[in-house]
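Geometric and topological summary
Listed below, chain by chain, are the residues.
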Number of protein chains: 2
Amino acid sequence: MSAWTLLNPSYSREAVNLGCRHQEVSGKKKLIIKATGGGAYKYADLFKEKFGVTFDKEDEMNSLVSGANFLLKAVPCEAFTYMEGRKDFVQINSSDLFPYLLVNIGSGISMIKVVGDGKFERVSGTSLGGGTLLGLGMLLTKCQSFDDLLEMSHKGDNRNIDMLVSDIYGSDYSKIGLSARTIASSFGKVIFDNKELKDYKKEDIARSLLRMISNNLAQIAYLIAMWHGKLKRIIFGGSFTRSHEYIMETISDGVEYWSKGETKAMFLRHEGFLGALGAFKSYEKHGLGSLMGHHLSEQSPVASPRPQLEQKSNGPLLVESTDAESVGCCILGSDTMKRT
Amino acid sequence: MSAWTLLNPSYSREAVNLGCRHQEVSGKKKLIIKATGGGAYKYADLFKEKFGVTFDKEDEMNSLVSGANFLLKAVPCEAFTYMEGRKDFVQINSSDLFPYLLVNIGSGISMIKVVGDGKFERVSGTSLGGGTLLGLGMLLTKCQSFDDLLEMSHKGDNRNIDMLVSDIYGSDYSKIGLSARTIASSFGKVIFDNKELKDYKKEDIARSLLRMISNNLAQIAYLIAMWHGKLKRIIFGGSFTRSHEYIMETISDGVEYWSKGETKAMFLRHEGFLGALGAFKSYEKHGLGSLMGHHLSEQSPVASPRPQLEQKSNGPLLVESTDAESVGCCILGSDTMKRT
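You'll find chain A entered in an unreviewed UniProt entry as Pantothenate kinase 1 isoform X2, with Spinacia oleracea given as the organism.

Okay, here's the thing in structure tokens:
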């Protein structure tokens, strides 16, 4: 018997991205898990002691890239853009896939220039990522979860927190291309308000935080893409973006702004599981890779150039996580796929 | 009688950078002030109504660049680097000054590529500036001023707030060049601590904030400098850096980190007054510019390749502001210079 499992604890302290199977060794069943991410190192002893599970560690960046390349090649219309509340799926020809910039957004952010299968370089990153948004959000709004914070942000108005160009100049500053609505200073209004934290609406703070992190991320990603050979595609993945439309929207706005409309942020339908998929993919060396590709292609929805907003981006392969601490788990048998 | 004034209210809502003089118009003395910055627009009517003062508005970016170019050319060893608590003054040959990147740090940040006298382009900026640092600092630590926040930061330990690479991987991630001490996620530890704001040391939060803003600013400035023709000098000015050694230190660390030691952040001895100087300089068209240059050159301290840390970076021309709301004022007569 063989079984593979994809797990990705969303916002656990150190993500453990896993692809596992049972092996018969000397007549004994032994569970060996392909694991990547920080947790693969930190929790290796714990898993062995508590569950008798051995981690077969895979390099995280390698797994992320492998997972992303696989999805982009095997799944029709895996990538999409998100503007003004609408997903537009993009069919990328495999022969025209490389190079691209993969921005993996977890607690921190890695930016990886991908030039081929197994050919990549982590060219930059930033410490202002999902952990910063949620960490500051918890301190400032007492939100209980990432979803709480995002929901609040949707009801807020960052103009009560941020200093806009119009707050400084009374209007726009057209000579240098700054509109009146441009954020000149995130949280800049606070320094003149003479108010305490409790005097502000949590929703406004959440909105300001989201804008700050997303704009900043978009700017750095765009600059990195330009500097490293004007990469034409910037693909954002990772648990920070998964099923979070407000985040995709603000990142897309940011890339649109910084690139002056020349570049669009792209997202992946199966975002948040790149590392797990990559670790799983490493079983290809056992001659089992073709099975997975076959299943994925069959399960993918038909590509739609103008899908509705409510269309779920995640296909059936990976389980959506509704709890920040939950573990999504999907077990594939040799010829069946069922969810647990 | 003629008089010129340089004023720069530090962290007023909208800075008004001024250079002023009296004019005799139809037998009446009329005070006309060369003014720049957002306040030059916003407070024009108020100044006229309350003081009978007319603003002769100068473009802010033009004034900043004019001020910076003037200082870099006229004042010996105006620029310096700041590493490991030591200022190293740099004598830049006027013929080798351009191009450079001027990063003006106020509440928000402008990044200006300067290629000659009066020749420049605001190529980018970021909303994560001094206003963000102080705004978030006030909300999170209840600090009363910028100096309060910086003093706190010096006593804090950001490792209690930030998630380091070692917190994720248990060690470094040498394969991609990340040391164990690298900040993977600013404020990232907070999301797993299950603590409230009051449970954290304010000093630790202040330190984390300072690192976050400075690292981010350094990264964006370096990327902009590289993208725009690998500019060899990045000069940081503005009230955010003025006399604030902790900030200069963290920005320098950031540029060192992101450039892998190839670029050093530079600062200006008369930082924080670039706009005021530029506005003042616009009087050159009245044939009065040579006077100012003469005074500045005479008043500059002798260049020292290895000055002591305690040496004040600001010369006598500009008044240091010790109160965040104070207005520094220096009046120059036709052949005298005195402080008010």
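**A closer look at the packing of aromatic side chains**
Residues and elements named next belong to chain A. Scanning the entire structure with this criterion turns up 16 aromatic pairs over all chains. Centroid distance F47 to F55: 4.7 Å. Interplanar angle 45°. Geometry classified as tilted. Here the aromatic rings of F98 and Y100 are separated by 6.1 Å at their centres, their planes lie at 15°, and the arrangement is stacked. A residue is classified by how much of its surface remains accessible, and F98, at 21% relative accessible area, is partly exposed. Judged by relative accessible area, Y100 falls into the buried class, the value being 0%. Positioned over the ring face of Y200 is K195, at 4.6 Å from the centre of the ring.

**Regarding the interface of chain A and chain B**
Each side of the interface is counted separately: chain A has 61 residues, and chain B has 61 residues. In total, about 5300 Å² of surface goes out of reach between chain A and chain B, with carbon and sulfur atoms giving 65% of it. Counting across the interface, chain A meets chain B through 11 residue pairs in polar contact (both at pLDDT 80 or more). Those elements that place two or more of their residues in the side of chain A that touches chain B are α1 (38–42), α3 (60–74), β9 (119–126), α4 (130–141), α6 (165–169), β11 (183–185), α7 (190–193) and α8 (202–227) of chain A. It is α8 of chain A that contributes the most residues to the side of chain A that touches chain B, nine residues altogether. Partitioned by chemical class, the residues of the side of chain A that touches chain B number 32 nonpolar, 18 polar and 11 charged.

**Quick word on the confidence of the model for chain A**
All names here are of chain A. Residues with a pLDDT of 70 or more make up 75% of chain A, whose mean pLDDT is 78. Here strand β14 (residues 327–332) stands out as the least confident element of chain A, with mean pLDDT 22; α4 is the most confident, with 97. When the criterion is pLDDT under 50, residues 1–14 qualifies, and its contacts beyond four places in sequence or with other chains add up to 76 contacts. Two numbers describe this predicted complex: its pTM, 0.80, and its ipTM, 0.80.

**A few points about the relation of the copies chain A and chain B**
For these two chains of identical sequence, chain A goes onto chain B by a turn of 180° and a shift of 0.0 Å along the axis, with RMSD 0.1 Å. In the structure described here, the two chain copies are related by an operation that fits a two-fold rotation axis. Ranked by how close their C-alpha atoms come to the rotation axis, the residues of chain A are headed by W227 of chain A, at 2.7 Å. The residues that chain A uses at the interface reappear at the interface of chain B in 100% of cases, marking a shared surface.

**Quick word on the sheet that holds strand β5 (residues 79–83) of chain A**
Residues and elements named next belong to chain A. Sheet architecture is open: seven strands sit in the order β6-β5-β13-β12-β7-β8-β9, paired in mixed fashion. Bordering the open sheet on either side are β6 (86–90) and β9, each of which pairs with just one other strand. The average angle at which neighbouring strand axes cross in this sheet is 30°, direction not considered. In this sheet, strand β8 (residues 109–116) lies alongside strand β7 (residues 100–105) in antiparallel orientation, the contact comprising six bridges. From the neighbouring strand, N104 faces β8, where its bridge partner is S110.

Rules behind the numbers
Residues numbered from 1 in each chain as written. Chains lettered and ligands numbered in written order. Predicted model: local features only at pLDDT ≥ 70, side-chain atom pairs only at ≥ 80, totals over all residues. Heavy atoms only, no water. Phe/Tyr/Trp six-rings, centres within 6.5 Å; stacked < 30°, edge-to-face > 60°. Buried < 20%, exposed > 50% of the residue type's maximum accessible area, 1.4 Å probe, protein only. Lys NZ or Arg CZ within 6 Å of the ring centre and 35° of its normal. Contact = heavy atoms within 4.5 Å. Buried area = accessible area lost by both parts, 1.4 Å probe. Polar contact = N/O pair within 3.5 Å; in protein donor to acceptor, adjacent residues only side chain to side chain. Helix = DSSP H or I, 4+ residues; strand = E, 2+ residues; numbered from the N terminus. Nonpolar A, V, L, I, M, F, W, Y, C, P; charged D, E, K, R; others polar. pLDDT = per-residue confidence, 0-100. Least-squares fit on C-alpha atoms with pLDDT ≥ 70 in both. Pairing = 2+ DSSP bridges. Axes fitted to C-alpha atoms, helices over the stretch in contact; angles between N-to-C directions.

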